[in-house]
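Coordinate inspection notes
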Amino acid sequence: MNAGIHRPTIIQVDAQAIRQNIQQERLRMQSGTDLFAVIKANGYGHGLLHVARYALEAGATGFCVAILDEALALREAGFTQPILILGIVAPQYAPLLADQHISVAVGSQQWLEKADEFLQDGQKVRVHLALDTGMGRIGLQEPAELERVEAFLIQHKLQFEFEGIFTHFATADELDQTYFQTQVNRFKAFMAVLKQKPRYVHVANSATSLWHKACGGNMIRFGIALYGMNPSGRVLSAPYPLSPALTLESALVFVKELKKGRSVGYGATYTAENDEWIGTVPIGYADGYPRRLQGFHVLVDGNYCEIVGRICMDQLMIRLPQSYPVGTKVVLVGKSGQNAITMVDVAEAAQTISYEIACGFSSRIPRNYLHDQKA
Ligand SMILES: *Cc1c(COP(=O)(O)O)cnc(C)c1O
C-alpha cells in the first residue's frame, strides 16, 4: 500500500526506547547468554531494518524472523549477524539458506532428507532443531525422534551444521505455571538423549525470559518486550519498566457542530443527544485501526474523546469536549497531557493482544524514527 506521507497520520518509533528495553534485559541475563532480537512481521510493525539496527546498538547479537524473505531483506541491507528463521522454510530453498548463512528451524528428519536433495557440494545449512514440548506447532514430538535426527545430522555433517536446539512455551505469560512446568520437563527429557549440545540452546521468548529465570539455555529470543509491550497484557508485571517504542498520532481534518438528533457514520449507529462537537480523523481500518474500536477513545489536548459511529476504512469520527481547530493533534496510541493510551489499552478494547495491533498497522501509515543515531 502507498504510504500516506501527505496525511497527518503517523507512527513514531522511538529508537531509544528499543535500546533501553534491550539493555535492561541484558542486565538481567546470565553472562554468556546471547540476545536475538525477534523482528519478524516488519519488526512487529515498527520497521524491520530500523529495529535491527537499534537492537545491535543495544547489544543484540542476532536476529529471529519468521520467513525467508525477512531474512533475505536483512542480508540485502548488509546485516551479517546470525539470523534464525523460526518458521518452516520449503526444503527447496536450502541452497539459498546455505549461501546466505541463514539458520533455519527444522522439525523433522524428512525436511533434512528433502533439503539434502537440493544441496550442492560445499553448501551447508545451519539447523536449529525445534522440539515440540507442548506448543503443538512445529517440532520433534519425542526424544526417540531426536536421537534419530541427531544421528542423521552427524552422518550428514557436510550438508548440515547442527547449530541450535530450541522449544517454545505456550503459557509463559500466565500466572498458572502447571503447563509451563510440563513443557520444561519434556524439554529436559529431550535434552537428556542428546549426545552433544549445539552452539545455541534456547527456550525463552520475552515472557519466559521475564518471568522464568531458571529455565536455562544460552540465547533468548526477545520479541514483544523489546518494543516495550508487556507480553502478558496486564496479568504479570515486568521486572523493570518497559518503554513503549510506538506512538500513533493523527490530526483533526474536519470539525463541526452536530445538532441534537443528527447521526454519524455507516448504519447511523450514533445519534447526538445534544448539540455536539464532532471531529473527523484520517485513519481507519485500512490502516489497521480495528473497526471494532467504535466506542473506544483517542486523546485530544489531554482529553479522552469517544470514537462515535462506525469506524470507516479511512476515517473515524470522535466527540470533542469543545471546538478545536482543524490540524489539532489526535493521539491514538501514546501520551497527551496527563493521560495516555497504551497498546494494551487498544488491544483490550479490540479484544485481542498488543502483538496483533502492532503488526496490523498497515504500510499506509508512515513510520518516523526518533533518537536515530544515523538520521
Ligand atoms: C515470535 C516468537 C518469539 C518472540 O516472542 P515474544 O513473545 O514476542 O517475545 C520467540 N520464539 C518464537 C518461536 C516465536 O515464534
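These numbers come from a predicted model, not from an experiment.

Focus on the domain arrangement of the protein chain
Domain boundaries in the protein chain define domain 1 (32-227) and domain 2 (246-370). With centres defined by C-alpha atoms, the gap from domain 1 to domain 2 works out at 39 Å. Both sides together, the interface formed by domain 1 and domain 2 hides about 750 Å², and carbon and sulfur atoms give 62% of it. For the interface between domain 1 and domain 2, the tally reads zero salt bridges. Residues that form the side of domain 1 that touches domain 2 fall into these classes: four nonpolar, four polar and no charged.

Points about the layout of surface pockets
Rolled over the atoms, a probe as big as a water molecule pinpoints where empty space is left. In this structure, the largest pocket occupies an estimated 810 Å³ of space. Lining the largest pocket are 41 residues; nearest its centre among them are Lys-40, Arg-137, His-168, Asn-205 and Tyr-355. No other element matches the four residues that helix 11 (residues 354-360) contributes to the lining of the largest pocket. Each of two domains, domain 1 (32-227) and domain 2 (246-370), supplies a minimum of three residues to the lining of the largest pocket. Of the voids in this model, the second largest pocket is the one considered here, and its volume is about 580 Å³. Taken together, 27 residues line the second largest pocket, and the ones lying closest to its centre are Gly-228, Leu-242, Pro-244, Ala-245 and Thr-342. Listing elements by their share of the lining of the second largest pocket, those giving two or more residues are strand 1 (10-14), strand 10 (246-251), strand 18 (329-336), strand 19 (339-341) and helix 10 (343-349). Taken together, the residues of the lining of the second largest pocket break down into 16 nonpolar, eight polar and three charged.

Brief notes about the site of the ligand
Close contacts around the ligand come from Val-38, Lys-40, Tyr-44, Leu-86, Arg-137, His-168, Asn-205, Ser-206, Arg-221, Gly-223, Ile-224 and Tyr-355, and that covers them all. Contact distances for the ligand include 2.8 Å between an oxygen atom and a side-chain N or O atom of Lys-40. Here an oxygen atom of the ligand and a backbone polar atom of Gly-223 are 3.1 Å apart. Its free accessible area being 390 Å², the ligand has 93% of it covered by the protein chains.

Overview of the environment of Lys-195
As for its position among the elements, Lys-195 is in the loop between helix 8 (178-192) and strand 8 (200-202). Using a relative accessible area of 64% as the deciding quantity, one classes Lys-195 as exposed. On a C-alpha basis, the gap between Lys-195 and Asp-116 in space is 22 Å, while along the polypeptide they are 79 residues apart.

Calculation notes
Residues numbered from 1 in each chain as written. Predicted model: local features only at pLDDT ≥ 70, side-chain atom pairs only at ≥ 80, totals over all residues. Heavy atoms only, no water. Domains from an automatic or database assignment. Buried area = accessible area lost by both parts, 1.4 Å probe. Salt bridge = Lys/Arg side-chain N within 4 Å of Asp/Glu carboxyl O. Nonpolar A, V, L, I, M, F, W, Y, C, P; charged D, E, K, R; others polar. 1 Å grid on protein atoms, 1.4 Å probe; cavity = no way out; pocket = protein on both sides within 12 Å on 5 of 7 lines; lining within 4 Å. Points joined across faces, edges and corners; volume = space filled by probe spheres on them. Helix = DSSP H or I, 4+ residues; strand = E, 2+ residues; numbered from the N terminus. Near = heavy atom within 4 Å. Polar contact = N/O pair within 3.5 Å; in protein donor to acceptor, adjacent residues only side chain to side chain. Areas by Shrake-Rupley, 256 points an atom, 1.4 Å probe, with all protein chains shown as cover. Buried < 20%, exposed > 50% of the residue type's maximum accessible area, 1.4 Å probe, protein only.

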